[in-house]
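What follows is each chain in one-letter form.
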Amino acid sequence: QVRLEESGGGLVQAGGSLRLSCADSGRTGSGYTMGWFRQAPGKEREFVAAVTGSGRYADYTDSVKGRFTISRDNAKNTVYLQMHSLKPEDTAIYYCAARYGSVIYTTPTNYMYWGQGTQVTVSS
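Below: a short report on this structure.

Quick look at the overall build of the protein now. Along the backbone of the protein there are 0 helices and 11 strands. Compactness check: the protein gives a C-alpha radius of gyration of 13 Å against a globular reference of 14 Å for 124 residues, within 12% of the reference. Referenced to the eigenvectors of the C-alpha coordinate spread, the extents of the protein come out at roughly 40 × 25 × 25 Å. In the protein, once contacts between residues fewer than 6 apart in sequence are set aside, the share between residues at least 24 apart is 59%. Within the structure as shown, the protein displays about 6,500 Å² of accessible surface, and the carbon and sulfur contribution to it stands at 45%. Charged side chains in the protein number 13 positive and 10 negative. The centres of these two groups are separated by 5 Å.

So, in structure tokens, the structure goes:
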């Protein structure tokens, strides 16, 4: 059973950095692709980044490339999203998600397991 819990959100000024963590207490290990999505008020949930079970392959939405880095530590059952050069448009609730398998999908419906989300607010 996959159980995901995000942490690390908060309020930061534009240009600042945050690191989000997603702990999987179900200890599913490297068989799952892990993703980060975000949802701003009045908008649909959108893909941010994902990483395969081995950590070898990752994908990012264009708006965060060069600023965000996704990584995972399978020994700690944790996935991270390091965010730099944050912009006000990055403000959203950030969700961690998991899907079994090694293919990276960017649509939320392809992910079976979700955390409760953590709020990221970037002030201008």
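Looking at the element boundaries, Asp24 is found in strand S3 (residues 18-24). Residues Asp24 and Arg45 lie 21 residues apart in sequence; the distance between their C-alpha atoms is 21 Å. Discounting chain neighbours no more than four positions away, the residues touching Asp24 are Val2, Arg3, Leu4, Gly29 and Asn77. For Asp24, the side chain forms a polar contact with the main-chain nitrogen of Arg3, separated by 3.4 Å.

With that out of the way, let us pick up the sheet that holds strand S7 (residues 68-73). Taken together, 4 strands build an open sheet; the order of strands is S1-S3-S8-S7 and the sheet is antiparallel. Every interior strand has two partners, whereas the edge strands, strand S1 (4-7) and S7, have only one. Put simply, the sheet's adjacent strands are angled 15 degrees from each other on average, direction ignored. Both S3 and strand S8 (residues 78-83) contribute to a ladder of 6 bridges, which runs antiparallel. Residue pairing in the sheet places Cys22 in a bridge with Val79 of S8.

This part covers the nonpolar core. Formed by 27 residues in total, the largest nonpolar core has its most connected members in Met34, Trp36, Leu81, Met83 and Tyr94. Residue assignment for this core shows that the elements contributing at least two residues are S3, strand S4 (32-39), strand S5 (46-51), S7, S8, strand S9 (92-100) and strand S11 (118-123). At 4 residues, the largest contribution of residues to this core is made by S9. When sequence neighbours within four positions are dropped, the list of residues in contact with Met34 reads Leu4, Cys22, Ala49, Ala50, Val51, Ile70, Arg72, Val79, Cys96, Ala97 and Ala98. One finds Phe37, Phe47, Ala97 and Tyr111 within the second-largest nonpolar core, a separate group that totals 5 residues.

Attention now goes to the state of the cysteines. Using the criterion set out here, one finds 1 disulfide in the structure. The disulfide that involves Cys22 links it to Cys96, with 2.0 Å between the sulfurs. Taking the torsion about the sulfur-sulfur bond, which here is approximately -80 degrees, the covalent link between Cys22 and Cys96 counts as left-handed. Taken as a pair, Cys22 in strand S3 and Cys96 in strand S9 lie far apart in primary sequence, 74 residues in all. You'll find Cys22 and Cys96 in the same group, each marked buried.

Parameters at a glance
- Residues numbered from 1 in each chain as written.
- Predicted model: local features only at pLDDT ≥ 70, side-chain atom pairs only at ≥ 80, totals over all residues.
- Heavy atoms only, no water.
- Helix = DSSP H or I, 4+ residues; strand = E, 2+ residues; numbered from the N terminus.
- Rg over C-alpha atoms; globule rule 2.2 N^0.38 Å.
- Contact = heavy atoms within 4.5 Å.
- Areas by Shrake-Rupley, 256 points an atom, 1.4 Å probe, with all protein chains shown as cover.
- Lys, Arg positive; Asp, Glu negative; His and termini not counted.
- Charge placed at Lys NZ, Arg CZ, Asp CG, Glu CD.
- Polar contact = N/O pair within 3.5 Å; in protein donor to acceptor, adjacent residues only side chain to side chain.
- Pairing = 2+ DSSP bridges.
- Axes fitted to C-alpha atoms, helices over the stretch in contact; angles between N-to-C directions.
- Core = buried A, V, L, I, M, F, W, Y, C linked by side-chain atoms within 4.5 Å.
- Buried < 20%, exposed > 50% of the residue type's maximum accessible area, 1.4 Å probe, protein only.
- Disulfide = S-S within 2.5 Å.

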